[in-house]
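Structural description and commentary
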Amino acid sequence: MKKYLVLFLGLLITSNSQAAFNKCTGVYVGRIGLDRQGGLNRVVFLEKPGDVSGSFWVLFTDWEAEPKQQALSVLMAAKLSGHRVDVYTAAVNNCNIGESGQVMVSLELATNP
């Protein structure tokens, strides 16, 4: 019985864990913006999967077509699966997604979903 209780508590803690939003690690993918000229152009990140608002739009300024398509594939996979991502922007601290005008430098699927 104790083993099941520990397992249940572990699942409960894991499912309620939040992102390190101020560090841009383990965030969830929210809105994805596309346009007909360049495809992927911006994305919003969320602290928790059920949030209705999150970061400011993070822009894909100066990205080439192929890397944009690859980023879109990663973002869509993460969004559909609920997997977390780590985000790196051009800001001094590589984050600042709580401020407008941030430009995406790179992103990674997080180690732990």
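This structure is a prediction, so every number in the text was calculated from the model and none was measured.

Bringing the overall build of the protein chain into the picture now. Summing up its helical and strand segments, the protein chain has 2 helices and 5 strands in all. Order of helices (α) and strands (β) in the protein chain, N terminus to C terminus: α-β-β-β-α-β-β. Evaluated residue by residue, the protein chain yields a buried proportion of 30% over its 113 residues. Here the analysis covers contacts within the protein chain between residues at least 6 apart in sequence; of these, 54% occur between residues at least 24 apart. With an accessible surface of roughly 7400 Å², the protein chain has 58% of that area assigned to carbon and sulfur atoms.

For C24, which is not glycine, the phi dihedral falls at a positive 65°. Among the structural elements, C24 can be located in the loop between α1 (2–16) and β1 (28–35). The class for C24 is buried, based on a relative accessible area of 0%. Positioned with a positive phi, N96 is a non-glycine residue whose angle comes to about 55°. Relative to the helices and strands, N96 is located in the loop between β4 (85–89) and β5 (104–109).

Take the pairing of β4 next. Counting buried residues along β4, 4 of its 5 residues qualify, which places the element largely inside the surrounding structure. Sheet topology note: the β4/β5 ladder contains 5 bridges and is antiparallel. By the bridge assignment for β5, D86 is matched with E108.

Of the residues in the protein chain, 84% reach a pLDDT of 70 or more, and the chain-wide mean stands at 86. In this model, residues 1–16 is a region of pLDDT below 50 whose contacts with residues beyond four sequence positions or in other chains number 0 contacts.

Rules of the game
Within every chain, residues take consecutive numbers counted from 1 along the sequence as written. This being a predicted model, a pLDDT of at least 70 is required before a residue's local features are given, and a value of 80 or more before pairs of side-chain atoms are given or counted; all residues contribute to the totals for chains, interfaces and linings. Excluding hydrogens and water, the side-chain values take into account all heavy atoms of the structure. Strands are runs of DSSP state E lasting at least 2 residues, helices are runs of H or I lasting at least 4, and numbering of each runs from the N terminus. Burial classes follow relative accessibility: with a 1.4 Å probe on protein chains only, a residue under 20% of its type's maximum area counts as buried, one over 50% as exposed, and anything between as partly exposed. Any two residues whose heavy atoms approach within 4.5 Å are treated as being in contact. Computed with a 1.4 Å probe, the accessible areas rest on the Shrake-Rupley method; for each residue, only the protein chains presented here act as cover. At least two DSSP bridges between two strands are needed for those strands to be called paired. A score between 0 and 100, pLDDT records how confident the predictor is in each residue.

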